[in-house]
Amino acid sequence: MQQDCAGTWGGDADYDECGVCGGDGIPDGACDCSSNVFDNFGLCGNDNLLQGAIDSTGCGETLIIPEGDYDESVTIRHCLNLQAEEDRAISGYKPVRVQRGTGIDFNERDHCDCDAVALEGIEFYADDSESALSVSSDVESLTLNNSILDGNDSGFAFYTESAITSLSFSGSEFTNSDGISINGGSLSDHHINENIFSDNSHNLSASGEGTLDATLNYWGSADGPGSTAVSYTHLT
């Protein structure tokens, strides 16, 4: 005759999956022994944090972001694609707002050999004097489509001093900001086309090697970019 986990001779008490003698295991509706639940990203105990979802997304994979306001600052530390949840009723995207600034920083990554980030259908907002979207490490490719970058009346819509080999911004709006600031690296494969610039103190400033293509944009005036854009050629 043997004792069970409660010390009863011949008893049938056993440890459950949570390590509790005679326990009932994971509570109904929970995803772990701490009574956490799955969030909108399908992650256990993440509490709908966008940063947690980004960190849990594999290299080069696509994270679909559920509709909502994400009152947090997030950092992208490896290659991935971020896309707002689709709204099939209007062939567009449901509102997804990242409200405290978004950074791309590959300096501390410990995995992933790829160097590409793609952003689709998301609203990015600056926090105080920071940028709505910034890049602080060299990146092979950055693509932004159908998105909004809002400087919150005090910051840049987009800012980088790092080398981005290939940059493509299209179908997006840059607003309430100090505009786009690109400093460093080559501009030869940088394309900023078919976007809207509105209510900015300055629209675009770019310095680097080669020619930046920033054509077919609306610069906030029918007169074109004028002095609101300072760069090399191809600004119309």
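Structure: above.
Since the structure is predicted, the reported quantities are computational estimates derived from the model, not experimental observations.

Novice: I'd like a rundown of the overall build of the chain, residues and numbers included.
Specialist: Check the secondary structure of the chain and you find 1 helix and 21 strands. Here the C-alpha atoms of the chain give a radius of gyration of 24 Å, more than 25% beyond the 18 Å that 2.2 N^0.38 yields for 236 residues. In the chain, which comprises 236 residues, the proportion classed as buried is 41%. The contacts in the chain between residues at least 6 apart in sequence include a share of 50% that link residues at least 24 apart.

Novice: Any chance you could break down the state of the cysteines for me, citing the residues and the numbers?
Specialist: Applying the stated rule across the entire model yields 5 disulfides. A disulfide bridge connects Cys5 with Cys21, and the sulfur atoms are separated by 1.9 Å. Disulfide Cys5-Cys21: the torsion about the S-S bond is 85°, which places it as right-handed. Pair noted here: Cys5 is in the segment before α1 (50-56) and Cys21 is in the segment before α1, with a separation of 16 residues, a long-range link. A residue is classified by how much of its surface remains accessible, and Cys5, at 23% relative accessible area, is partly exposed.

Novice: So what's going on with the environment of Thr143? Which residues, and what values?
Specialist: Checked against the element boundaries, Thr143 lands in strand β12 (residues 139-145). The sequence separation of Thr143 and Gly184 amounts to 41 residues, and the corresponding C-alpha distance is 18 Å. Residues contacting Thr143, with those up to four places away along its chain left out, are Val117, Ala118, Leu119 and Ser168.

Novice: Residues and numbers for the sheet that holds strand β19 (residues 196-198), please.
Specialist: What the 6 strands build is an open sheet, ordered β2-β7-β10-β13-β16-β19; its pairing is parallel. Both edges of this open sheet fall to β2 (68-70) and β19, since each of them pairs with a single strand only. Within this sheet the neighbouring strands show an average axis-to-axis angle of 15°, counted without direction. In this structure, strand β13 (residues 148-150) lies alongside strand β16 (residues 173-175), joined through 3 bridges in parallel fashion. Looking at β16, one finds that Asp150 is bridged to Thr175.

Novice: Run through the pairing of strand β9 (residues 116-120), naming residues and quoting values.
Specialist: In the case of a regular strand, side chains alternate between the two sheet surfaces. Bridge analysis of strand β4 (residues 80-84) against β9 gives 4 bridges, and the strand direction is parallel. Paired with Asn81 across the two strands is Ala118, which belongs to β9. As paired elements, β9 and β12 share 5 bridges and run parallel to each other. Its bridge partner lying in β12, Ala118 is registered against Thr143.

Novice: Please set out the pattern of salt bridges residue by residue, giving values where relevant.
Specialist: Taken as a whole, this structure holds 5 salt bridges when the rule is applied. Of the charged contacts, one joins Lys94 and Glu85 as a salt bridge, the two residues approaching to 3.3 Å between their closest N and O atoms. Accessibility expressed as a relative area gives 24% for Glu85, which makes it partly exposed. A cluster of three or more residues bridged by salt bridges with shared partners is formed by Asp69, Arg97 and Glu123.

Novice: Can you explain the packing of aromatic side chains? Please cite residues and give values.
Specialist: Inspection of the entire model under this criterion finds 6 aromatic pairs. Both rings, one in Phe41 and one in Tyr70, keep their centres 6.1 Å apart while their planes meet at 45°; by these two values the pair is tilted. Taken together, the positions of Phe41 in the segment before α1 and Tyr70 in strand β2 put the pair 29 residues apart, joining distant regions of the chain. We note that Phe41, like Tyr70, is buried. With a centroid separation of 4.6 Å and an interplanar angle of 15°, the aromatic rings of Phe197 and Trp219 are classed as stacked. Highlighted residues: Phe197 in strand β19 and Trp219 in the loop between β20 (204-209) and β21 (229-230), separated in sequence by 22 residues. Following the ring pairs from residue to residue traces out a cluster consisting of Phe158, Phe169, Phe174, Phe197 and Trp219.

Novice: Any chance you could break down the nonpolar core for me, citing the residues and the numbers?
Specialist: With 44 residues, the main nonpolar core has Leu142, Phe158 and Ile192 as its most contacted residues. Those residues in contact with Ile192 that lie beyond four places of it in its chain are Leu167, Phe169, Ile180, Ile182, Phe197, Leu204, Leu212, Asp213, Ala214, Thr215 and Asn217.

Rules and cut-offs
- Residues numbered from 1 in each chain as written.
- Predicted model: local features only at pLDDT ≥ 70, side-chain atom pairs only at ≥ 80, totals over all residues.
- Heavy atoms only, no water.
- Helix = DSSP H or I, 4+ residues; strand = E, 2+ residues; numbered from the N terminus.
- Rg over C-alpha atoms; globule rule 2.2 N^0.38 Å.
- Buried < 20%, exposed > 50% of the residue type's maximum accessible area, 1.4 Å probe, protein only.
- Contact = heavy atoms within 4.5 Å.
- Disulfide = S-S within 2.5 Å.
- Pairing = 2+ DSSP bridges.
- Axes fitted to C-alpha atoms, helices over the stretch in contact; angles between N-to-C directions.
- Salt bridge = Lys/Arg side-chain N within 4 Å of Asp/Glu carboxyl O.
- Phe/Tyr/Trp six-rings, centres within 6.5 Å; stacked < 30°, edge-to-face > 60°.
- Core = buried A, V, L, I, M, F, W, Y, C linked by side-chain atoms within 4.5 Å.

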